[in-house]
Amino acid sequence: STPTVPSIRPQVRFPSIPVCSVGGSLDSWSIRLLNTAVGYNSLRIYIDGMLAATALDFAQLTGYRRISRGYHTFLAVDEAQNISTSKSIYIDSGMATIAFTNGPAGLNILSIPDPSCPASFPGGCLRVCNLAWYSGNLNVSVGNLTFQSVSFGQPTSFSSLNSGSYPLRISRSE
């Protein structure tokens, strides 16, 4: 059966640490954690058996933290229902977002590479990633930028964007 699609007013949230590097770079082998799993309570996240985040609510994103290169086991536990899932993910040089999403079998874990973007001040970079497995491909428009047919788990390339406020439109590709 298809899960109920929640009614969510789209919001753009930015982490406290810049995702773009201008004139330098963030530490190598850095990850951040993102909860996009609908229908679960707060998540408790463990990396290699060590507690990494508590009470990670829907749409929350941690700052970047350093992690060694190699395979790491990520475990997510729904604090109220004790539902959990784990996955071994290879962390390479650079940055990545580890996203906790819904999936066909329940809670799912994805690794999304976070390459640096070619931003120049006063603007920045923007890309999108469809983390709603049940949505099908999505079209996303932000101001005059349009990302078409974004499939589940696949980030788009970066596009430059001037500083400012922009309307956000999301629709199914079909």
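Residues numbered from 1 in each chain as written. Predicted model: local features only at pLDDT ≥ 70, side-chain atom pairs only at ≥ 80, totals over all residues. Heavy atoms only, no water.

J.: Would you take a moment to explain the pairing of strand β11 (residues 145–150) for this structure?
T.: Within a regular beta strand, the side chains point alternately toward one face of the sheet and then the other, so they alternate between its two faces. Bridge analysis of strand β10 (residues 138–142) against β11 gives four bridges, and the strand direction is antiparallel. Its bridge partner being in β11, Leu-138 is matched across the sheet by Val-150. Between the end of β10 and the start of β11, which pair antiparallel, lie two residues, with Gly-143 showing a positive phi angle near 60 degrees. (Pairing = 2+ DSSP bridges. Helix = DSSP H or I, 4+ residues; strand = E, 2+ residues; numbered from the N terminus.)

J.: I'm lost on the pattern of salt bridges in this one. Help?
T.: A side chain with one charge may pair with a side chain of the opposite charge, provided their charged atoms come close. Under the defined criterion, the tally for this structure stands at three salt bridges. Here Arg-69 makes a salt bridge to Asp-92, at a shortest N to O gap of 2.9 Å. Of this pair, Arg-69 sits in the loop between β4 (65–66) and β5 (70–78) while Asp-92 sits in the loop between β6 (84–91) and β7 (95–103), and the two are 23 residues apart along the sequence. A relative accessible area of 44% places Arg-69 in the partly exposed class. Note on Asp-92: relative accessible area 40%, which makes it partly exposed. A salt bridge links Asp-114 to Arg-127; its shortest N-O distance comes to 2.6 Å. (Salt bridge = Lys/Arg side-chain N within 4 Å of Asp/Glu carboxyl O. Buried < 20%, exposed > 50% of the residue type's maximum accessible area, 1.4 Å probe, protein only.)

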